[in-house]
There are 2 protein chains.
Amino acid sequence: MVVPVRIELLTTGTELLLGTTQNTHGAWIGQRLLGLGLRIARQVTVPDGQAVGKAIRTGLEEGEVLIVTGGLGPTSDDLTREALAEVLGLEMIEDEAALRTIEEFFASRQRVMAEANRKQALVPAGADILVNPNGTAPGLYLPPRLSGACNCAVFLLPGPPRELYPMFETEVVPRLQALGGIEEAPGCLELKFVGIGESDFHQGVDEQLETIDGLEHGYCARLGEVDLRLIGTPEVVMEGRRVAEEAFGHELVSDDGANLEEVVVRLLTRQGKTVAIAESCTGGLIAARITDVSGSSEVFRYGFVTYANEAKRDLVGVNDIDLVKYGAVSKPVACQMAEGALRAGKADLAVAVTGIAGPTGGSEEKPVGTAFLGLAVRGGETRVVRQFHPWGRDAFKRQVSQSALNLVRQVLGG
Amino acid sequence: MVVPVRIELLTTGTELLLGTTQNTHGAWIGQRLLGLGLRIARQVTVPDGQAVGKAIRTGLEEGEVLIVTGGLGPTSDDLTREALAEVLGLEMIEDEAALRTIEEFFASRQRVMAEANRKQALVPAGADILVNPNGTAPGLYLPPRLSGACNCAVFLLPGPPRELYPMFETEVVPRLQALGGIEEAPGCLELKFVGIGESDFHQGVDEQLETIDGLEHGYCARLGEVDLRLIGTPEVVMEGRRVAEEAFGHELVSDDGANLEEVVVRLLTRQGKTVAIAESCTGGLIAARITDVSGSSEVFRYGFVTYANEAKRDLVGVNDIDLVKYGAVSKPVACQMAEGALRAGKADLAVAVTGIAGPTGGSEEKPVGTAFLGLAVRGGETRVVRQFHPWGRDAFKRQVSQSALNLVRQVLGG
C-alpha cells in the first residue's frame, strides 16, 4: 500500500511520561487515519514546557503533516500555541470569534469565564480556528505555507479525548482530504466478533486471509471481543469477510462499528421487546452499558442490582432456602434471578448474573472467576450457563457483562 | 529540580502506530523510573523496519540512556538488534550462553526450537545478555563506552509486557542504579480533586504554587476531576499541598491515588455504614463504580435501576401523582427515590439521581443535561441538588455519577 503523506504525531503532557496517564491518542488517531488510507510515520511524546518547542521544530522538519495534541488549556503549563508561534516566528493575535465562542461556552453553562481562559483565544497569525463544542480550547490549523521551507501542515488539538475526537472528525479529516496527495482510500472493513479471542483466528483463518492477494488484515483484541480489520479493494475485502464469516459467523456482532450493547438495543427496538436485568457480580455494569445507548429507555425499564443475598430475595424473589443450600453463586439462584427479574421487571426477557469477582470469596468448587448467567424469556424456558473468567475484578465484570449481552443478542437471533 | 540522567524511550512496533495495540510501555516504564527519581525525557514510537535504525541514532545522540522495546522476536520484521549493531558499527556474534538458554526454554516446554529462533542468540560484540525467563528473546545491555562519542548506555528489551516487566526489575533497575548520577528520588504527591476544573486552579492557586521555590506542579484533568501533581523535596511538596488545600480542601478526595469510589467505600467501611443507590439517568453506572472496589459488598447491598416511571413507583415507591405533576426529572421525585431506596435497601444512606441524558427528552425548562440528585440519611433530612451537565450522553452519565458519589463522600465527612 502506498503511504502518500508523512504524518508526525506529537503528544504532549508530563503525565504521559510520568506514567500517571496512559497515552491513548496514538492508537485512536492511528486507527482513524488508517480508515483514510494514511499512517503515522512517527509518534513522539514530550513533557509540558520547553521540550515542546524543540519537538515541534523536529516534527516540522521531518513531517508533511504534524499533529500536536495537548497543551491548549488555560494554565501555566499549557504552552503549545506559544511554542509553535515562536518556532515559526508568527505573531499571536487575539481571535475575536474564538473569544466569543469561549465566552458563550461559559455563559451556556451559567459559569463565569476566568481571565486565564482568555489566552485560549490567542492564535498565531494566519491560523484557522478549529471549533471545539466540547471544551474551551479551540484547535488550530496552520496550512503548509505558514511553515515556510518546511512546507508542513500543522494541527494543534486539545488533549482531552471528548474534545479531541469530535474535532478530529469534523475539522481534521476534511482538511487532510483537502491537502491532496491522498490516494483513493482503500476499502476498510471492521468486523466485530464477541466470545472469541485473537488466537482463535490464528488457527487457520489467519493463514487463509494471508493467501488473499492484495488484502491487508489485522486484529484488535479487547476483553471478550476481537475486531478484524480488512483493508484492500472492495472485492478483496469481501473475500476476506467470506473467510472470516465461514469460521466465526455466529460470533460476528457487527460490520458497521456498532458495539455489542448497541446491537442489543437495536435488536430489542426492532422486535418491540423489553429486557430486565438482575446483576450481582457485575454490580450494575450491564445496565450501565445498555443505558449508554441512546434510545435504550424504550427497551430497558427495570434493573436490579442485587449485591446482597437479601436483595436477591427481596427484589427478584430468590428462594431463601436455595440461597443457603446452593449458595448465591449457583445455577438455581441464577435461574430464579432471571425469572424474578422477568416478573418484577414486566419484561419480555431478562438476563441475570451471579459470580465471584474476587479477589476474595472463592472456594475449590467455585474459584474466583466463576459466574452463572441466566436468561429467562416470557413464555419460554430459562437457560443457565456456567462460565469462568479468572482475570481480576474489572476484567471479570467486563467479561461477564459481555457474555450476558451476547446471550441476549443470540436469543434475539442477532 | 535536578534531572540527573536524560533517558530516551524508543518503543517499536507497527501495531502501535496503526492503533491496533495500545502503547502502554511509556506509562509503565515512566512510573517505574519515577520511583527511582528518574524520568523519561522523550518517548518515540516508530514502525518495525527501516525507521528503527534512524530512531536509534537520534536516541543515542540525544540521550544518556536509551531504552528500546520490541523487535527482538524471531520473525523477519524483528530487526532491533541488527539496527543497533549497524548504527554503532559492531559485529554480531552468536552468544553460546544465550543460545543454550533459548534451547532450554523450548526443551522445558517440550517444543522444538525453530531455526528462526537461532538469530535471537546473535548479539553485538561487547553487549551484556539480559536473561529472559519468560520468553525466547534475551535482552541486551550496551555500556556507554560502546557507543563511542555518544557515551549513551543502551538497553534493548522485549516488547511483550510479561517478558519486559520482570526483566526491567531484575536487569535494568540495578544497572541504572550502577550508572550513578541518580540523585535521591524527589517526593511526588498526587492530589485528587472532585467537582472543580483545571481552570479553577488558575484563579490564584496556580500562581501561588509557582512562587514556591523548587516545586514542580502540573495538572491532569478528567471529567469532573483534576489531579494536581506536586514534585520536589518533602518540605516543598508539603508547602504546595498547604496552598492547594487552603483553596480547595473541600474538593480534595485523596492524596494516595485512590479514586472517588475507593474513597467512598473506604469511608463507608470505616463507619460501618451501608449505601443504597437508585438510578435513573445514570442507568447503573453509580452502582457499577461502587462495585468496582474490592470489598464493596460490605457496604453496598441494594441497587435500583429505575429507568422507567413504573420502576420508580414499583421499586422505590415514588408517588404516581407526583411523577405526573412534577415529571420524572424533578426535585420531589429525586427526593422520593432517595428515601424509597433508603427504605427498600435497608441502608444507612441512599443516593438517587434522575436526569435527562439526551440527546432527546429535553425541554426549555429542563434542557438535556439537567439532573436532580437526592441524598437520604437514616434519621436525617433528605437533600436534593439540581445540576446541569450538557456534555453528551456518556459524559453526562459520568459527571452525574461523579457528583452523586461526591455527595456521599461529603455527607460521610470525607
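Every value quoted in this text rests on a predicted model; they were computed, and no experiment measured them. (Residues numbered from 1 in each chain as written. Chains lettered and ligands numbered in written order. Predicted model: local features only at pLDDT ≥ 70, side-chain atom pairs only at ≥ 80, totals over all residues.)

Enquirer: I'd like a rundown of the interface of chain A and chain B, residues and numbers included.
Expert: The partner chain B presents 62 residues to the 64 residues of chain A that form the contact. Put simply, the parts of the chain that give the side of chain A that touches chain B at least two residues each are α1 (14-18), α2 (25-34), β2 (40-46), β10 (216-222), α11 (285-290), β14 (300-306), α12 (309-316) and α15 (393-411) of chain A. Grouping the constituent residues of the side of chain A that touches chain B by class yields 27 nonpolar, 25 polar and 12 charged. By the bridge criterion, 3 bridges tie β2 of chain A to strand β2 (residues 40-46) of chain B in an arrangement that is antiparallel. For Q43 of chain A, the partnering residue across the bridge sits in β2 of chain B and is T45 of chain B. (Contact = placed C-beta atoms within 7 Å. Helix = DSSP H or I, 4+ residues; strand = E, 2+ residues; numbered from the N terminus. Nonpolar A, V, L, I, M, F, W, Y, C, P; charged D, E, K, R; others polar. Pairing = 2+ DSSP bridges.)

Enquirer: I'd love a proper account of the pairing of β2 of chain B, names of residues and values included.
Expert: Residue and element names in this part refer to chain B. Among the 7 residues of β2, 6 are classified as buried, and the element is accordingly described as predominantly covered. Across 6 bridges, the pairing between strand β1 (residues 7-12) and β2 is parallel. Looking at the pairing, L10 lines up with V44 of β2. (Buried ≥ 20, exposed ≤ 12 C-beta atoms within 10 Å, placed from the backbone.)

Enquirer: Go over the pairing of strand β17 (residues 383-388) of chain B, please, and point to the residues and values.
Expert: Side chains on a regular strand alternate between the two faces of the sheet. Residues and elements named next belong to chain B. Alignment of strand β16 (residues 370-377) against β17, held across 6 bridges, turns out to be antiparallel. The residue bridging A371 from the neighbouring strand is Q387, located in β17. Hairpin remark: β16 followed by β17, antiparallel, with 5 residues in the connecting loop; positive phi at G379, about 75°.

Enquirer: Any details on the sheet that holds β2 of chain A? Residues and values, ideally.
Expert: Strands pair in a sheet through their backbones, by hydrogen bonds, and they do so in one of two ways: parallel or antiparallel. If you walk across this open sheet you meet the 12 strands as β6(A)-β7(A)-β8(A)-β3(A)-β1(A)-β2(A)-β2(B)-β1(B)-β3(B)-β8(B)-β7(B)-β6(B), and the pairing is mixed. Looking at the sheet topology across the chains shown, the edges are occupied by β6 (128-130) of chain A together with β6 (128-130) of chain B. On average, each strand axis in the sheet is tilted by 15° relative to the strand beside it, whichever way the strands run. Strand direction decides the pairing type here: strand β1 (residues 7-12) of chain A and strand β3 (residues 65-69) of chain A, joined by 5 bridges, are parallel. By the bridge assignment for β3 of chain A, E8 of chain A is matched with L66 of chain A. Sitting on the sheet, helix α4 (residues 80-88) of chain B touches β1, β3 (65-69), β7 (139-142) and β8 (153-157) of chain B, and the angle it makes with β8 of chain B is about 160°. (Axes fitted to C-alpha atoms, helices over the stretch in contact; angles between N-to-C directions.)

Enquirer: Residues and numbers for the domain arrangement of chain A, please.
Expert: When cut into domains, chain A gives domain 1 (7-178), domain 2 (187-254) and domain 3 (260-411). Here the C-alpha centroids of domain 1 of chain A and domain 2 of chain A sit 35 Å apart. (Domains from an automatic or database assignment.)

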